[in-house]
Amino acid sequence: MCALVVIFRIEVNSAFIAAIITILGYSINNTIVVFDRLRENTRKESLMNLSNMEIANLSIKQTFARTLNTSITTLLAVVMLAIIGVSSIRQFIIPIIFGIIVGTYAAMFISAPLWAKIITGSRFDKRKIKPSKEKDKKVSKVDGKPVVEASAEPIS
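Throughout this document, residue positions are counted from 1 along each chain, in the order its sequence is written. Totals for whole chains, interfaces and linings use every residue, but because this is a predicted model, local features are given only for residues with pLDDT of at least 70 and side-chain atom pairs only at 80 or more, for both listing and counting. Water and hydrogen atoms were dropped before computing side-chain values, which therefore reflect all heavy atoms in the structure.

*Asks:* Let's hear about the pattern of salt bridges: which residues, and what values?
*Replies:* Salt bridge criterion: a side-chain nitrogen from Lys or Arg within 4 Å of a carboxyl oxygen from Asp or Glu. Scanning all chains against the criterion turns up 2 salt bridges. Note that Arg 39 and Asp 36 form a salt bridge whose closest N and O atoms lie 2.3 Å from each other. Taken as a pair, Arg 39 and Asp 36 lie in helix 2 (residues 14-43) at a separation of 3 residues, close to a single helical turn. The partner of Glu 40 in a salt bridge is Arg 37, and the shortest N-O contact between them spans 3.4 Å. Within this pair, Glu 40 and its partner Arg 37 are both found in helix 2, separated by 3 residues, close to a single helical turn. Strands here are runs of E lasting at least two residues and helices are runs of H or I lasting at least four, both read from the DSSP assignment and numbered beginning at the N terminus.

Quick look at the structure:
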């Protein structure tokens with residue numbers, strides 16, 4: 001946002017401050033949606049064997065359409081205001097357009113991978129997946145086809 005102000009020499013006034021606050025609210029809302037899906041997916045028993053990065057990717061995939069649809073819908077309304085509106089409205093709308101684009105990107109592609117990086121290896125990480133060892137595998141044949149059996153240890 002600061003780079004936009006410098007590059008386009010936008011005047012910092014009350015409309016600009018209101019645009020920043022609006023963008024923050026919008027970005028926080030999108031990030032909360034992604035983090036809520038992360039929370040739901042980490043608690044699902046069926047997904048317990050996935051790593052944190054896989055959970056983050058799954059959560060992004062599940063919220064992608066919703067976040068993209070709300071962002072595009074908002075952008076359409078804001079762009080129409082920029083086209084139709086007066087110059088005082090444009091001072092408010094130009095930072096909003098840039099902020100919606102950047103905020104959507106940050107909520108989708110920065111927050112979830114950052115969560116996965118931070119939580120992996122920390123004391124809050126409940127997904128301690130141990131790699132399988134070759135010596136744990138026993139190969140037997142059923143009807144001439146190899147069947148691999150593996151033993152698993154509970155995660156403590």
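*Asks:* Could you give me a rundown of the environment of Gln 62, with the residues and numbers involved?
*Replies:* As for its position among the elements, Gln 62 is in helix 3 (residues 52-84). For every residue, the accessible area (1.4 Å probe, protein chains only) is compared with the maximum for its type, and the residue is labelled buried under 20%, exposed over 50%, or partly exposed between those bounds. Using a relative accessible area of 32% as the deciding quantity, one classes Gln 62 as partly exposed. Through-space distance from the C-alpha of Gln 62 to that of Arg 37 is 7.8 Å; in sequence the pair is 25 residues apart. Every residue in contact with Gln 62, bar those within four places of it in the chain, is listed here: Arg 37 and Asn 41. Any two residues whose heavy atoms approach within 4.5 Å are treated as being in contact.

*Asks:* Tell me about the packing of helix 2 against helix 4 (residues 87-109), residues and numbers included.
*Replies:* Each axis is a line fitted through C-alpha atoms, and for a helix only the stretch in contact is used; angles between axes span 0 to 180 degrees, taken between their N-to-C directions. Contact pair helix 2 / helix 4: the axes reach a minimum separation of 9 Å and the direction vectors enclose 20°. On the basis of the axis angle, helix 2 is roughly parallel to helix 4. Helix 4 is crossed by helix 2, and the crossing has right-handed handedness. Here helix 2 contributes Ala 15, Phe 16, Ala 18, Ala 19, Thr 22, Ile 23, Tyr 26, Ser 27, Asn 30, Thr 31 and Val 34 to the contact with helix 4, which in turn contributes Phe 92, Pro 95, Ile 96, Gly 99, Ile 100, Gly 103, Thr 104, Ala 107 and Met 108. Taken together, the residues of the contact of helix 2 with helix 4 break down into 13 nonpolar, 7 polar and no charged. When describing relative orientation, an angle under 35 degrees is termed roughly parallel and one over 145 degrees roughly antiparallel, while 65 to 115 degrees is termed roughly perpendicular and anything else oblique. The handedness criterion is simple: a crossing whose near helix is rotated anticlockwise from the far helix by less than a right angle is left-handed, and one whose near helix is rotated clockwise is right-handed. Here the term charged refers only to Asp, Glu, Lys and Arg, the term nonpolar to Ala, Val, Leu, Ile, Met, Phe, Trp, Tyr, Cys and Pro, and the term polar to all other amino acids, Gly among them.

*Asks:* Account for a nonpolar patch on the surface, naming residues and giving values.
*Replies:* Residues Phe 64, Leu 68, Ile 72, Leu 76, Tyr 105, Phe 109, Ile 110, Leu 114 and Ile 118 make up a contiguous nonpolar surface patch of roughly 870 Å² in combined accessible area. Sorting the residues of the nonpolar patch by element identifies helix 3, helix 4 and helix 5 (111-119) as the ones contributing at least two each. Here Ile 110 is to be found in the loop between helix 4 and helix 5. The patches described consist of residues with a relative accessible area above 30% and no salt bridge, like charges being joined within 9 Å and nonpolar side chains (Val, Leu, Ile, Met, Phe, Trp, Tyr) within 5 Å. Here the open area of atoms and residues is found with the Shrake-Rupley method and a 1.4 Å probe, where only the protein chains shown may cover a residue.

*Asks:* A description of the nonpolar core should follow, citing residues and the corresponding values.
*Replies:* Among the nonpolar cores identified, the biggest contains 10 residues, and these are Ala 19, Ile 23, Tyr 26, Leu 75, Val 78, Ala 82, Ile 93, Ile 96, Ile 97 and Ile 100. Contributions of two or more residues to this core are made by helix 2, helix 3 and helix 4. Sorting elements by how many residues they give to this core places helix 4 first, with 4 residues. Not counting chain neighbours up to four residues away, the residues in contact with Leu 75 comprise Ile 97, Ile 100 and Ile 101. Working definition of a nonpolar core: buried Ala, Val, Leu, Ile, Met, Phe, Trp, Tyr and Cys residues. They are joined through side-chain atoms within 4.5 Å. With 9 residues, the next largest nonpolar core counts Val 34, Ile 55, Ile 60 and Ala 116 among its residues.

The quantities given are spatial measurements derived from coordinates; they are silent on function.
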